[in-house]
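Each chain is listed here by its residues.
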Amino acid sequence: PVPNFDPTIIYKYPADNSTNVPTNTTLKMAFDHHVSKGAGYIHVVNESNGTAQNIQASTSSNVTVLNDTATISGLSLALGTSYHILVDSTAFDTAGYHTYGIYDTTSWNFSTLPAPITSINETFDASCATGNMPLNWSRRNMIGTGQFWGCSLGTASNKNMYITGYVGGVYYANEDWLITPPLDLSAAINPIVFFRGYQRYGVDQHLDVMYSTNYSGVGDPNLATWTNLNIAINSPADTGTWVNYSAPLPTSSSMYVTFKYTSSTTIGALVR
């Protein structure tokens, strides 16, 4: 049999159908052979308006190759946008053997982080009616494997997000973040965060409400700088009812607000 020297893409970053991709992302492709840059193009297509960034592999300084891996940097990606990638078979080769390209619109797709919104009025009724996370909200489970922020079906008019560190008669250590979509409050006048909360088993647990202006929207939130709003939520006793809480926010053009829950292995807690 004749050996096949046509390089094939075996790895793509971001992976196909990725979501919440940062706009400064560098594309990566790994092949099953070492490759060199060819005369073909990489096409980064904006699916919202049909425009494309057409990058010639051989002439662009933003295209680099190291052994079997090609990277494409310097892209102009927009927030809240879906893209697909096309790759000419002549963009990369191995000793004259052209790569298998990407010519369809479904093999390599991704969408970027959502664009900031200017306000949030989230009751959780629509999302929690089906047990889903609200649109563009995220949760990060940093400590603990079985407990995390989730939807409580509640009553018809009182659905909510909740978390507990007490499950099946066992107390668990937790660090869990519930994070809003990105916010642009640059034009707001005296912006505030307002929410209603219900607490049970208040000992040895904590809920911090914080904001960050440098969180990327993905990954470990501990790597960002968060300012605590110092809302007096936690107490040794149950609240026994829903309580209103609020605090002022800055007028930043890029901000996330988080509800960070922690609990220990000695006494758990339920927070809604």
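Overview of the structure. (Residues numbered from 1 in each chain as written. Predicted model: local features only at pLDDT ≥ 70, side-chain atom pairs only at ≥ 80, totals over all residues. Heavy atoms only, no water.)

1. Thoughts on the side chain of R140
The criterion, for reference: Numbering of helices and strands runs from the N terminus, with a helix taken as a DSSP run of H or I at least four residues long and a strand as a DSSP run of E at least two residues long. For the exposure calls, accessible area comes from a 1.4 Å probe over protein chains only, and a residue counts as buried if that area is under 20% of its type's maximum, exposed if over 50%, partly exposed in between. Under this rule, positive means Lys or Arg and negative means Asp or Glu; His and the chain ends count for nothing. For this document, the term salt bridge refers to a Lys or Arg side-chain nitrogen within 4 Å of an Asp or Glu carboxyl oxygen. Side-chain atoms alone can form a polar contact between residues adjacent in sequence; in general such a contact is a pair of N or O atoms within 3.5 Å, and within protein one must be able to donate a hydrogen while the other accepts it. Note on contacts: a residue pair qualifies if any of its non-hydrogen atoms lie within 4.5 Å across the two residues.
Here R140 shows up in strand β13 (residues 138-143). Although R140 is buried, it forms no salt bridge, and the closest oppositely charged side chain is D220 at an N-O distance of 7.6 Å. At 3.3 Å, the side chain of R140 forms a polar contact with the side chain of Y215. If we skip the residues at most four places from it in the chain, R140 touches E175, D176, W177, I179, Y215, G217, V218, G219 and P221.

2. Structural notes on a nonpolar patch on the surface
Definition in use: The residues that make up patches have over 30% relative accessible area and no salt bridge, and they are joined within 9 Å when like-charged or within 5 Å when they are Val, Leu, Ile, Met, Phe, Trp or Tyr. To be clear on the numbers: accessible area is Shrake-Rupley with a 1.4 Å probe, and residue cover counts the displayed protein chains and nothing else.
Side chains of I10, Y11 and Y13 sit close together on the surface and give an oily, nonpolar patch of about 330 Å² of accessible area. Assignment of secondary structure puts Y13 in strand β1 (residues 9-13). You can call Y13 partly exposed: its relative accessible area is 38%.

3. A look at the side chain of S138
For S138, the location among the structural elements is in strand β13. Not counting the four nearest positions on each side in its chain, S138 is found in contact with M133, W177, L178 and I179.

4. A few points about the environment of M161
Within the element layout of this structure, M161 appears in strand β15 (residues 160-164). M161 sits 108 residues away from Q53 along the chain, and the two C-alpha atoms are 41 Å apart.

5. Here's the deal with the state of the cysteines
Disulfides are covalent bonds that connect the sulfur atoms of two cysteines. Short version of the rule: Sulfur atoms of two cysteines make up a disulfide when they are within 2.5 Å.
Summed over all chains, the structure comprises one disulfide. Paired by a disulfide, C128 and C151 hold their sulfur atoms 2.4 Å apart. Because the sign of the S-S torsion sets the handedness, a value of about -70° for the bond joining C128 and C151 places this disulfide among the left-handed ones. You can see C128 sitting in helix α1 (residues 125-128) and its partner C151 sitting in strand β14 (residues 150-152), a full 23 residues away along the chain. Accessibility assignment for this pair places C128 and C151 in one class, buried.

6. Overview of unusual backbone geometry
In this structure, P14 follows Y13 across a cis peptide bond, with omega equal to 0°. Within the secondary structure layout, P14 lies in the loop between β1 and β2 (18-21). We note that N17 has phi near 70°; this positive angle belongs to a residue other than glycine. Of note, N17 is situated in the loop between β1 and β2. Exposure remark for N17: the relative accessible area of 57% places this residue in the exposed category.

This is a description of form; function is not addressed.
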